[in-house]
Protein chains: 2
Amino acid sequence: MLNYSVAAQLETISLEWLAERLKVLAEPNRLRIFSLLMDGVRCNCELSEALAMPPNLISHHLSKLRSVGLVDAERDKSDPRWIYYSINRAALEALNAAFGSFFAPDRIQPRWLTVGHNTRSAAPSRRA
Amino acid sequence: MLNYSVAAQLETISLEWLAERLKVLAEPNRLRIFSLLMDGVRCNCELSEALAMPPNLISHHLSKLRSVGLVDAERDKSDPRWIYYSINRAALEALNAAFGSFFAPDRIQPRWLTVGHNTRSAAPSRRA
DNA sequence: TATACAATTCAACGTATGTTGAACTATTCG
DNA sequence: CGAATAGTTCAACATACGTTGAATTGTATA
């Protein structure tokens, strides 16, 4: 099949795509920041106070969240010193879709399902 | 409120719980192993061959997946050298539930929703 | 103009982690 | 018994990463 390698490559891409986002989210403090942002747009100083973390650390974690598009930033128009951070809903929905499709329990297959269906058995050949 | 700190602690626990699992999953090779296990129970040697990775590395990643209960192991009764690995469906379902509830797009709140609802405004006080 | 404030950037540190290669255990097969 | 097989464990390495403290940028305020 000609499309096989393409499909395989696409799956590889989406797998890397998913891993990259999970890596960004797989950190307790970033999860806390993310959760506060879910409750509403926040600035660095608010997050810093709420989580008792220095502003530069908040800034570091926010940049990671922004690097994968999950968080947006917008300067205050009346006072440009302030930057408001928010969850990018489209990015979050895309992540949910990818996660749900990759980790869907219905994907789990019993071992011996395809025995005899193919020249290559579902069980490993016990001899070389 | 008396239950507040308890609820906060519970949320902290589940947040750490979620972060721990995401950390285990946030690795491309572990995602590949997990995906193959979704297709059916596999032994180390099968995974090793399919992913072109040394058996000790597969073993290392499998132990990480097992450490959070997402993967089970079972020895072959007729030949104890073989160990069959499989996805723990209950653990996967629990993870899906936690992920879906934490990252549900409907949780996203607009910034100014609770203005005037509390003594503490949704906006940070611009002065000390 | 000098001070205060929001936020980022930079350098440095210790720790965690994926990968590699070799050694080791346990069981089956010739 | 000796060789082969499946799998783990151990030591070592380079890299990635979260945290800290200080310096820097840009804007508002007294």
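Quick note: structure is the one above.
Fair warning: this is a prediction, and the values are worked out from it, not measured in the lab. (Residues numbered from 1 in each chain as written. Chains lettered and ligands numbered in written order. Predicted model: local features only at pLDDT ≥ 70, side-chain atom pairs only at ≥ 80, totals over all residues. Heavy atoms only, no water.)

Draft legend 1. Local environment of the relation of the copies chain B and chain A. Rotating chain B by 180 degrees about the axis while translating it 0.0 Å along that axis superimposes it on chain A, leaving an RMSD of 0.0 Å. The transformation relating the two chain copies, once decomposed into turn and shift, fits a two-fold axis. Looking at the interface residues of chain B, 100% of them are also at the interface in chain A, so both copies use one shared face. (Least-squares fit on C-alpha atoms with pLDDT ≥ 70 in both. Contact = heavy atoms within 4.5 Å.)

Draft legend 2. Seen up close, the interface of chain B and chain A. Across the boundary between the two partners, chain B contributes 49 residues, which contact 49 residues of chain A. Taken over both partners, the interface formed by chain B and chain A buries close to 4,400 Å², and the fraction arising from carbon and sulfur atoms is 61%. Linking chain B with chain A are six salt bridges. As a salt-bridge pair, Asp 106 of chain A and Arg 89 of chain B come within 3.1 Å of each other at their nearest N and O atoms. (Buried area = accessible area lost by both parts, 1.4 Å probe. Salt bridge = Lys/Arg side-chain N within 4 Å of Asp/Glu carboxyl O.)

Draft legend 3. Broad picture of the sheet that holds strand E2 (residues 71-75) of chain A. All names here are of chain A. The strand order across the open sheet built from three strands is E1-E3-E2, with neighbouring strands paired in antiparallel fashion. Of all strands in the sheet, those with a lone pairing partner are strand E1 (42-43) and E2, marking the two edges. Pairing geometry for E2 and strand E3 (residues 83-87), over five bridges, is antiparallel. Bridged to Ala 73 within E3 is Tyr 85. Packing of helix H2 (residues 28-38) onto the sheet brings it into contact with E1, E2 and E3, and relative to E3 it is tilted by some 95 degrees. (Pairing = 2+ DSSP bridges. Helix = DSSP H or I, 4+ residues; strand = E, 2+ residues; numbered from the N terminus. Axes fitted to C-alpha atoms, helices over the stretch in contact; angles between N-to-C directions.)

Draft legend 4. Quick peek at the protein's contact with DNA strand C. Within the structure, DNA strand C sits among 23 residues, and Cys 45, Ser 59 and Tyr 85 of chain A together with Arg 30 and His 61 of chain B are positioned closest to it. Counted by atom, the contact set of DNA strand C within 4 Å of the protein is 77% sugar and phosphate. The contact in question runs from a base oxygen of DNA strand C to an N or O atom on the side chain of Arg 81 of chain A, over 3.4 Å. Among the elements of the structure, helix H3 (44-51), helix H4 (55-67) and E3 of chain A together with helix H2 (28-38) and helix H4 (55-67) of chain B are those that each provide at least two residues to the surface near DNA strand C. Ranked by residues supplied to the surface near DNA strand C, first place goes to H4 of chain B with five residues. (Near = heavy atom within 4 Å. Polar contact = N/O pair within 3.5 Å; in protein donor to acceptor, adjacent residues only side chain to side chain.)

Draft legend 5. Representation of the pattern of salt bridges within the structure. The tally for this structure, following the rule as stated, stands at 14 salt bridges over all chains. Salt-bridge contacts for Arg 21 of chain A lead to Glu 20 of chain A; the nearest nitrogen and oxygen are separated by 3.4 Å. Of the charged contacts in the structure, one is a salt bridge between Arg 81 of chain B and Asp 79 of chain B, with a shortest N-O distance of 3.0 Å. Of the residues examined, Arg 81 of chain B reaches a relative accessible area of 69% and is grouped as exposed. For Asp 79 of chain B, a relative accessible area of 15% translates into the label buried. Members of the salt-bridge network, linked through shared partners, are Arg 89 and Glu 93 of chain A together with Asp 106 of chain B. (Buried < 20%, exposed > 50% of the residue type's maximum accessible area, 1.4 Å probe, protein only.)

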